Amino acid sequence: MKDIPKVKLAPSILSADFGRLGEQVAEASRAGADYIHVDVMDGHFVPNLTIGAPVVTAIRPWTKLPLDVHLMIEAPERQVKHFADAGADIITVHIETCSHIHRVVQMIKGLGIKAGVSLNPATPLDMLDEILPELDLVLVMTVNPGFGGQTFIKGMLDKIVRLRAGLDLKGLTVELEVDGGISAETAPKVVKAGARVLVAGTAVFNSQRTVKESLAAIRDSINQG
């Protein structure tokens, strides 16, 4: 029997029902999620505007799971402390928005929380070379960020493979997270490529299945690989 790697599922609240957001977060927690993923967009770095730190404050009492906050915003150093104070456990920033990435990562870690860096689909992996040993998580975008429900970019599988190989070669325990177009169909492919944290929005929060059924379908697809 083949070894199946431990994979964490991080439902993205971007696709949840905001009219009962706390309940949906609690539902995902009960259904076996590992993280709750919070997509923050500013309408500048990406063409959409979502939520701020007060929403993180609002959902924090609804779950004991780590809140995985993804800042798709310009000048994230201005907002890091607000999200940390709101209850974030992991804060991920985009390398494309940070002129001084080491400073921002040190700022996040100085607040006592985990630091991640994200790459857009067209951003090369070598942008991470100097910062990788300092990170807790790397997030590979498999769609262009800004909207939920987009189609997975198949060319990103090779990028995940190369990043996994690099992490293993260096003996780093950095979590490799993937976000964009994750579903029961694509999950086994990204896990095979080397991802260990999967962010899923519309595949989890939808009208066809309950959150529990949706998460189970993704896990089953990975296990059947």
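Whatever comes next refers back to the structure up there.
Summarised in this report is the structure supplied together with it. This one's a predicted model, so the numbers in the text were calculated from it and none came from an experiment.

## Details of the overall build of the protein chain
Argument step 1. For the protein chain, the helix and strand inventory stands at seven helices and eight strands.
Argument step 2. On C-alpha atoms alone, the protein chain measures out to a radius of gyration of 16 Å, which is about the 17 Å that the 2.2 N^0.38 rule sets for 225 residues.
Argument step 3. Across its three principal axes, the protein chain shows a C-alpha extent of roughly 45 × 40 × 30 Å.
Argument step 4. Residues classed as buried in the protein chain amount to 53% of the 225 residues present.
Argument step 5. When contacts within the protein chain are restricted to residue pairs at least 6 apart in sequence, long-range pairs at least 24 apart make up 64% of them.
Argument step 6. For the protein chain, the computed accessible surface area is about 10,400 Å², with 51% contributed by carbon and sulfur atoms.
Argument step 7. Counting 23 positive and 26 negative side-chain charges, the protein chain places the averaged centre of each group 5 Å from the other.

## So, the sheet that holds strand β3 (residues 67-72)
Argument step 1. Taken in spatial order, the eight strands make up an open sheet running β1-β8-β7-β6-β5-β4-β3-β2, and their pairing is parallel. Each edge of the open sheet is held by one strand with a lone partner, namely β1 (8-11) and β2 (36-41). Recorded for the sheet is a direction-independent mean angle of 25 degrees between the axes of neighbouring strands.
Argument step 2. Pairing geometry for β1 and strand β8 (residues 197-200), over four bridges, is parallel. Opposite Lys8, over in β8, you have Val197 as the bridge partner.
Argument step 3. On the sheet, helix α7 (residues 211-224) packs against β1 and β8 and is oriented at approximately 150 degrees with respect to β1.

## Thoughts on the pattern of salt bridges
Close approach of charged atoms allows side chains with opposite charge to pair.
Argument step 1. Overall, the coordinates contain nine salt bridges when judged by the stated rule.
Argument step 2. The partner of Asp158 in a salt bridge is Arg162, with the nearest N and O atoms 2.8 Å apart. One end of the pair, Asp158, and the other, Arg162, are both in helix α5 (residues 156-170), four residues apart, so they sit about a helical turn from each other.
Argument step 3. With a relative accessible area of 44%, Asp158 lands in the partly exposed category.
Argument step 4. Here the salt bridges share partners, and the residues they tie into one network are Lys6, Asp34 and Arg219.

## Description of the nonpolar core
The tendency in soluble globular proteins is for nonpolar side chains to be buried side by side.
Argument step 1. If you look at the biggest cluster of nonpolar residues, it comprises 66 residues, and the most contacted ones within it are Ile91, Leu128 and Leu198.
Argument step 2. Those residues in contact with Leu198 that sit more than four places away from it in its chain are Val7, Lys8, Leu9, Ala10, Val178, Ile182, Ala187, Val190, Val191 and Ile222.
Argument step 3. Formed by nine residues, the second largest nonpolar core is a distinct cluster that contains Ala10, Tyr35, Met141 and Val197.

## Things to note about the side chain of Thr97
Argument step 1. Note that Thr97 resides in the loop between β4 (90-94) and α4 (101-110).
Argument step 2. Here Thr97 falls in the buried class, since its relative accessible area comes to 16%.
Argument step 3. Engagement of the side chain of Thr97 in a polar contact is seen with the backbone oxygen of His94, the distance being 2.9 Å.

Criteria and cut-off values
- Residues numbered from 1 in each chain as written.
- Predicted model: local features only at pLDDT ≥ 70, side-chain atom pairs only at ≥ 80, totals over all residues.
- Heavy atoms only, no water.
- Helix = DSSP H or I, 4+ residues; strand = E, 2+ residues; numbered from the N terminus.
- Rg over C-alpha atoms; globule rule 2.2 N^0.38 Å.
- Buried < 20%, exposed > 50% of the residue type's maximum accessible area, 1.4 Å probe, protein only.
- Contact = heavy atoms within 4.5 Å.
- Areas by Shrake-Rupley, 256 points an atom, 1.4 Å probe, with all protein chains shown as cover.
- Lys, Arg positive; Asp, Glu negative; His and termini not counted.
- Charge placed at Lys NZ, Arg CZ, Asp CG, Glu CD.
- Pairing = 2+ DSSP bridges.
- Axes fitted to C-alpha atoms, helices over the stretch in contact; angles between N-to-C directions.
- Salt bridge = Lys/Arg side-chain N within 4 Å of Asp/Glu carboxyl O.
- Core = buried A, V, L, I, M, F, W, Y, C linked by side-chain atoms within 4.5 Å.
- Polar contact = N/O pair within 3.5 Å; in protein donor to acceptor, adjacent residues only side chain to side chain.

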